[in-house]
Amino acid sequence: MSKRIERDSLGEVTVPGDALYAAQTQRAVDNFGISGRRMPLAFVRALLQIKKAAASANVSLSLLPAETGDAINAAVDALQADADLSQHFPVDVFQTGSGTSSNMNANEVIATLASRLSGLSVHANDHVNCSQSSNDVIPTAIHVASAVALADGLLPALYHLVEATRSKAREVDHHVKTGRTHLMDAMPVRLSQTLDSWADQLAANAKALEGHFSELQYLAQGGTAVGTGINVHPDFPLTFCACLNKELGYSFRPATNFFTHIGSQDTAVRVSGGLKATAVSLMKVSNDLRWMNSGPLAGLGEIELEALQPGSSIMPGKVNPVVPEAVCMVAARVMGNDTTITVGGQAGNFELNVMLPVIAESLLDSIELMTNACRLLADKAISTFTVNEANLTESLSRNPILVTALNREIGYAKAAEIAKRAYREQRPIVDVAAEDTNIPIDRLRELLDPTALTSGGL
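Residues numbered from 1 in each chain as written. Predicted model: local features only at pLDDT ≥ 70, side-chain atom pairs only at ≥ 80, totals over all residues. Heavy atoms only, no water.

Asks: What should I look at first to understand the overall build of the protein in this one?
Replies: Helix and strand counts for the protein come out as 18 helices and ten strands. In terms of overall dimensions, the protein is more spread out than a globule: its C-alpha atoms have a radius of gyration of 30 Å, far above the 23 Å expected for 458 residues. Seen through its principal axes, the protein has C-alpha atoms that stretch 100 × 50 × 35 Å. Counting only residues that meet the buried cut, the protein has 50% of its 458 residues in that class. In the form shown here, the protein has an accessible surface area of approximately 20,700 Å², with 53% of it arising from carbon and sulfur atoms. Distance from the positive charge centre (36 side chains) to the negative charge centre (48 side chains) of the protein: 5 Å. (Helix = DSSP H or I, 4+ residues; strand = E, 2+ residues; numbered from the N terminus. Rg over C-alpha atoms; globule rule 2.2 N^0.38 Å. Buried < 20%, exposed > 50% of the residue type's maximum accessible area, 1.4 Å probe, protein only. Areas by Shrake-Rupley, 256 points an atom, 1.4 Å probe, with all protein chains shown as cover. Lys, Arg positive; Asp, Glu negative; His and termini not counted. Charge placed at Lys NZ, Arg CZ, Asp CG, Glu CD.)

Shown next, in the form of structure tokens:
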């Protein structure tokens with residue numbers, strides 16, 4: 001492999017001959033061989049868009065020659081179209097806490113490519129990083145990447161899951177099943193009531209995330225090193241946001257306090273909290289599906305999930321609830337990522353948070369995982385399960401808790417005796433009640449009708 005020599009303020013560094021990056025990126029590669037995990041592509045793409053918007057703003061404010069700005073923008077466009085973009089961004093997630101290595105990685109790659117494309121001498125610091133610091137670029141990239149991932153990915157996927165769940169609820173509304181509290185038999189519910197409760201959970205999470213999306217549109221860009229905006233034209237923050245919005249079609253705006261957005265990551269912590277809450281809901285829905293699908297003979301067997309693959313390497317014919325299991329694992333990872341982001345968020349020491357790269361990776365990982373999980377759960381579990389009506393009816397007919405409907409007729413104590421006898425003798429509650437009370441059988445059937453009991457009331 002060919003090599004070349006690059007220089008930075010610390011001296012000479014040997015870099016792969018075909019690399020677009022230069023000395024500071026290579027130093028980071030040499031120093032941070034920790035995980036082999038690179039910054040997420042969503043983050044890299046946001047970082048590139050920031051550089052393009054900054055170049056356009058600098059040209060508009062006469063801080064860069066137009067031809068230099070054009071060269072930077074052309075380089076960014078070429079990189080965004082590169083199918084192997086990640087090869088140019090080799091820096092480990094676990095790097096300097098400000099993300100300076102990733103910022104300089106972008107500056108160097110863009111400067112090299114811009115110089116090659118234009119024939120100009122484009123400098124990584126003086127031109128590509130003009131009016132910027134790693135300390136405002138990286139927090140801005142976290143917000144931009146997360147906002148785009150929410151708006152284009154997770155929120156549509158979450159609403160797709162909500163609609164799929166509501167649609168399935170309408171489809172199964174006529175089915176009545178045994179309700180369960182403490183995993184024990186309880187009063188009957190319509191299957192649609194179960195699904196609508198899931199949909200409401202998920203819709204509430206989506207609404208909360210939409211609120212966090214608004215927070216993400218406030219950007220640190222313009223605060224530079226510590227929040228004072230040193231080396232920045234007073235009109236740069238607004239001009240930068242206008243250029244960014246023109247490219248991405250959002251409503252990004254300067255933060256009301258740059259110190260807050262550079263010294264803390266409270267917005268990321270709040271967004272992660274919303275993602276964790278959504279993960280909790282996804283795990284609840286997935287586990288309910290697993291229980292309802294359990295068996296099919298020795299479990300509840302109320303529904304049958306779509307058979308997607310063989311379930312055992314040794315037990316022929318076994319089929320497992322693989323999609324809910326996968327979604328539960330996603331939920332567990334999101335909860336773990338939230339812990340990482342929480343710890344990272346408290347690392348705002350004075351004027352700079354120093355866990356920005358791992359916050360970025362964890363936040364974007366959670367959003368991407370849940371985006372995919374929501375669509376999977378909607379399309380290959382909820383939309384496709386079938387109902388085992390025979391099992392539902394059999395369980396309902398022998399459910400001693402139906403006697404609760406007789407409380408006002410015969411009292412709690414007498415109803416408890418009937419329930420215990422029905423359970424002991426494994427007989428329908430209506431038959432035992434007919435023998436132990438003076439209530440006519442037609443009236444008993446009316447009082448104990450499971451469908452009627454799902455509507456509540458006296």
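Asks: Just checking my understanding: could you explain helix H15 (residues 412-425) for this structure?
Replies: Two residues of an α-helix separated by three or four positions point the same way, owing to the 3.6 residues in each turn. Taking 1.5 Å of rise per residue, 14 residues should cover 20 Å, and H15 covers 20 Å from first to last C-alpha, within 8% of that figure. Here the buried face of H15 lies against helix H14 (407-410) and helix H16 (429-436). Gln 426 sits one or two residues past H15 and shows a positive phi near 55°. (Expected span 1.5 Å × (residues − 1). Contact = heavy atoms within 4.5 Å.)

Asks: What am I meant to see in unusual backbone geometry here?
Replies: With the exception of glycine, the majority of residues adopt a negative phi angle, and the majority of peptide bonds are in the trans configuration. Cis geometry is adopted by the peptide bond preceding Pro 296, which originates at Gly 295 and carries an omega value of 5°. Within the secondary structure layout, Pro 296 lies in the loop between helix H10 (266-293) and strand S7 (303-304). Despite not being glycine, Ser 131 has its phi angle at roughly 70°, a positive value. Examined against the element boundaries, Ser 131 turns out to sit in the loop between helix H5 (124-128) and helix H6 (134-171).

Asks: Even after reading the chapter, I still don't get the packing of aromatic side chains, so can you show me in this structure?
Replies: How two aromatic rings sit relative to each other is given by the distance of their centres and the angle of their planes. Evaluated as defined, the whole model comprises three aromatic pairs. Pairing Tyr 250 with Phe 252 gives two aromatic rings, centres 5.7 Å apart and planes at 55°, and the pair type is tilted. According to the relative accessible area criterion, Tyr 250 is buried, its value standing at 15%. The buried category is assigned to Phe 252, whose relative accessible area is 3%. Positioned over the ring face of Phe 385 is Lys 168, at 4.7 Å from the centre of the ring. Stacked on the ring of Tyr 218, the Lys or Arg Arg 253 has its end atom at 4.9 Å from the ring centre. (Phe/Tyr/Trp six-rings, centres within 6.5 Å; stacked < 30°, edge-to-face > 60°. Lys NZ or Arg CZ within 6 Å of the ring centre and 35° of its normal.)

Asks: How should I be thinking about the pairing of strand S1 (residues 3-8) in this particular structure?
Replies: It is a general feature of regular strands that their side chains alternate between the two faces of the sheet. With six bridges joining them, S1 and strand S2 (residues 11-16) adopt antiparallel strand pairing. Paired with Arg 4 across the bridge in S2 is Val 15. Here S1 hands over to S2 after two residues, the two strands then running antiparallel side by side. (Pairing = 2+ DSSP bridges.)

Asks: What should I look at first to understand the nonpolar core in this one?
Replies: The tendency in soluble globular proteins is for nonpolar side chains to be buried side by side. Formed by 105 residues in total, the largest nonpolar core has its most connected members in Phe 43, Phe 240, Leu 275, Leu 289 and Leu 377. Tallying contributions element by element places H6 first for this core, with 17 residues. When near neighbours in sequence (up to four residues on either side) are disregarded, Leu 377 contacts Leu 161, Leu 282, Val 285, Ser 286, Leu 289, Val 323, Val 327 and Ile 382. Formed by 15 residues, the second largest nonpolar core is a distinct cluster that contains Leu 406, Val 432, Ala 433 and Ile 439. (Core = buried A, V, L, I, M, F, W, Y, C linked by side-chain atoms within 4.5 Å.)

Asks: What am I meant to see in the pattern of salt bridges here?
Replies: Close approach of charged atoms allows side chains with opposite charge to pair. Taken as a whole and judged by the stated rule, the model has 26 salt bridges. Between Arg 27 and Asp 8 there is a salt bridge whose closest N-O contact spans 2.7 Å. Of the two residues, Arg 27 is situated in helix H1 (residues 23-31) and Asp 8 in strand S1; the sequence distance between them amounts to 19 residues. Across the salt bridge formed by Arg 166 and Asp 196, the nearest N and O atoms sit 3.7 Å from each other. (Salt bridge = Lys/Arg side-chain N within 4 Å of Asp/Glu carboxyl O.)

Asks: Just checking my understanding: could you explain the side chain of Glu 361 for this structure?
Replies: Along the chain, Glu 361 falls in helix H12 (residues 356-382). A polar contact is formed between the side chain of Glu 361 and the side chain of Arg 37, at a distance of 2.9 Å. (Polar contact = N/O pair within 3.5 Å; in protein donor to acceptor, adjacent residues only side chain to side chain.)

Asks: Would you take a moment to explain the packing of helix H2 (residues 41-60) against helix H4 (residues 100-118) for this structure?
Replies: In a pair of packed helices, the angle between the axes and the distance between the axes together describe the arrangement. Where H2 meets H4, the axes come as close as 10 Å, and the angle between the chain directions of the two elements is 60°. With respect to each other, H2 and H4 are oriented oblique. Relative to H4, the crossing made by H2 is right-handed. Contacts between H2 and H4 involve Phe 43, Leu 47, Leu 48 and Lys 51 on the former and, on the latter, Ser 102, Asn 103, Ala 106, Asn 107 and Ile 110. Counted by class, the contact of H2 with H4 contains five nonpolar, three polar and one charged residues. (Axes fitted to C-alpha atoms, helices over the stretch in contact; angles between N-to-C directions. Parallel < 35°, antiparallel > 145°, perpendicular 65-115°, else oblique. Left-handed = near helix turned anticlockwise from the far one by under 90°. Nonpolar A, V, L, I, M, F, W, Y, C, P; charged D, E, K, R; others polar.)

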